[in-house]
Amino acid sequence: MLAEDSVLLREGLIALLDRFGHKVAAAVGDAPALLTAVAEHTPDIVVTDVRMPPGFQDEGLHAAVRLRERQPSLPVLVLSQYVQRTYAAELLDSGDGSGVGYLLKDRVGQVEDFETALQSVASGGTVVDPEVVRHLLRRRRDPLERLTPREREVLALVAEGKSNAAIARQLVVSEAAVGKHIGNILAKLNLPPADDTHRRVLAVLTYLRA
């Protein structure tokens, strides 16, 4: 299963995969189509880009994480120009950590290297470009890097002691939207509900330390 929004690159990958004896069950150009196609064709491995329609941010990587949540043993190889830290760690930690890879297009020196990585991931191996590892290690040093600009803005206002209602008025959004942002912040900062801690305070402390 191949997901790549660039028509020329998608067709080139199809030809390359065919050259190495692989059958492409379906080739799609956006994340929703990837989810649908995987459900329909049950492929042996998924090769996907990161930035695809509709938002050209991390849709492909997010879809890959969702696929692994549904099928932890489904091999997934991300092939992208970018290191997208959001969801990258989740993908590499998904399932039991096997059958997953993240390669950077510009750093694949030989087509044989791509084929080797593909075979390794399909067989349950893990293949990660060293540059991706470096980016993820930097992300672990700054937990706020997982937050979107809007989530950072909301957290900054929480750190100022503002209530959800006050934040909603200042950002001209609904309180429900603020609540959703705060829920995302707590999840991304790995602050699950607990009886003996106040997650909102812990999130503020993380913000101040960063």
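Residues numbered from 1 in each chain as written. Predicted model: local features only at pLDDT ≥ 70, side-chain atom pairs only at ≥ 80, totals over all residues. Heavy atoms only, no water.

This part is about the UniProt feature "modified residue: 4-aspartylphosphate" (unreviewed entry) in the protein. Cross-referencing UniProt, the feature "modified residue: 4-aspartylphosphate" (unreviewed entry) maps to Asp 49 in the present numbering. Within the element layout of this structure, Asp 49 appears in the loop between β3 (46–48) and α3 (59–70). Judged by relative accessible area, which is 6%, Asp 49 ranks as buried. Setting aside chain neighbours within four positions, we find Asp 49 in contact with Ala 3, Glu 4, Asp 5, Gly 60, Leu 61, Leu 79, Ser 80 and Lys 105. (UniProt positions renumbered as here; feature names shortened; annotations may be inferred. Helix = DSSP H or I, 4+ residues; strand = E, 2+ residues; numbered from the N terminus. Buried < 20%, exposed > 50% of the residue type's maximum accessible area, 1.4 Å probe, protein only. Contact = heavy atoms within 4.5 Å.)

The next point concerns the domain arrangement of the protein. The domain architecture assigned to the protein consists of domain 1 (2–137) and domain 2 (149–209). Domain 1 and domain 2 are separated by 33 Å when their C-alpha centres are compared. (Domains from an automatic or database assignment.)

Turning to the sheet that holds strand β6 (residues 126–128), a few remarks are in order. The strand order across the open sheet formed by six strands is β2-β1-β3-β4-β5-β6, and the pairing between neighbours is parallel. Across the chains shown, the open sheet's two edge strands, defined by having one partner strand only, are β2 (27–28) and β6. Relative to β6, strand β5 (residues 100–104) runs parallel, the two sharing three bridges. The residue bridging Gly 101 from the neighbouring strand is Val 127, located in β6. Packed onto the sheet, helix α5 (residues 111–122) meets β3, β4 (76–80), β5 and β6 and runs at close to 150 degrees relative to β4. (Pairing = 2+ DSSP bridges. Axes fitted to C-alpha atoms, helices over the stretch in contact; angles between N-to-C directions.)

Before going further, it helps to examine the pairing of β5. β5 sits mainly inside the fold: five of its five residues count as buried. The alternating pattern of β5 places Val 100, Tyr 102 and Leu 104 and Gly 101 and Leu 103 on opposite faces, both of which are buried. When β4 meets β5, the two strands line up parallel, connected through five bridges. Bridged to Val 78 within β5 is Tyr 102.

According to the stated counting rule, one finds six salt bridges in the structure shown. Glu 4 is the partner of Lys 105 in a salt bridge, and the nearest nitrogen-oxygen pair spans 2.9 Å. Taken together, the residues span a long stretch of sequence, with Lys 105 in the loop between β5 and α5 and Glu 4 in the loop between β1 (2–3) and α1 (7–19) at a distance of 101 residues. Per residue, the accessibility class of Lys 105 equals that of Glu 4, and both read buried. Across the salt bridge formed by Glu 153 and Arg 150, the nearest N and O atoms sit 3.1 Å from each other. Of the two residues, Glu 153 and Arg 150 both sit in helix α7 (residues 149–159), three residues apart, roughly one turn of that helix. Within the structure, one salt-bridge network assembled from shared partners comprises Glu 4, Asp 49 and Lys 105. (Salt bridge = Lys/Arg side-chain N within 4 Å of Asp/Glu carboxyl O.)

What follows covers the environment of Ala 159. Following the sequence through the fold, Ala 159 ends up in helix α7. By relative accessible area, which is 29% here, Ala 159 ends up partly exposed. Separated by 100 residues in the primary sequence, Ala 159 and Glu 59 have C-alpha atoms spaced 30 Å apart.

Right, let's get into the nonpolar core. The biggest cluster of nonpolar side chains holds 30 residues, and the ones touching the most others in it are Leu 34, Val 46, Leu 91 and Tyr 102. The contact partners of Tyr 102, leaving out residues within four places of it in the chain, are Val 50, Leu 61, Leu 77, Val 78, Tyr 82, Val 83, Gln 84, Ala 88, Val 127, Val 128, Asp 129 and Val 132. Counting residues in hydrophobic clusters, the runner-up holds 17 residues, among them Leu 147, Val 178, Ile 182 and Ile 185. (Core = buried A, V, L, I, M, F, W, Y, C linked by side-chain atoms within 4.5 Å.)

Here we take up α7. Every buried residue belonging to α7 is among Glu 151, Val 154, Leu 155, Ala 156, Leu 157 and Val 158, and all of these are buried. Close packing links the buried residues of α7 with α8 (164–171), α9 (175–188) and α10 (199–209). Positive backbone phi, approximately 90 degrees, marks Gly 161, located one or two places after α7.

The next thing to look at is the packing of α1 against α5. The interhelical angle for the contact between α1 and α5, taken along N-to-C directions, is 75 degrees, at an axis separation of 11 Å. Taken as axis vectors, α1 and α5 run roughly perpendicular relative to one another. On the side of α1, the interface is formed by Leu 13, Leu 16, Leu 17 and Arg 19, while α5 contributes Val 111, Glu 112, Phe 114 and Leu 118. (Parallel < 35°, antiparallel > 145°, perpendicular 65-115°, else oblique.)

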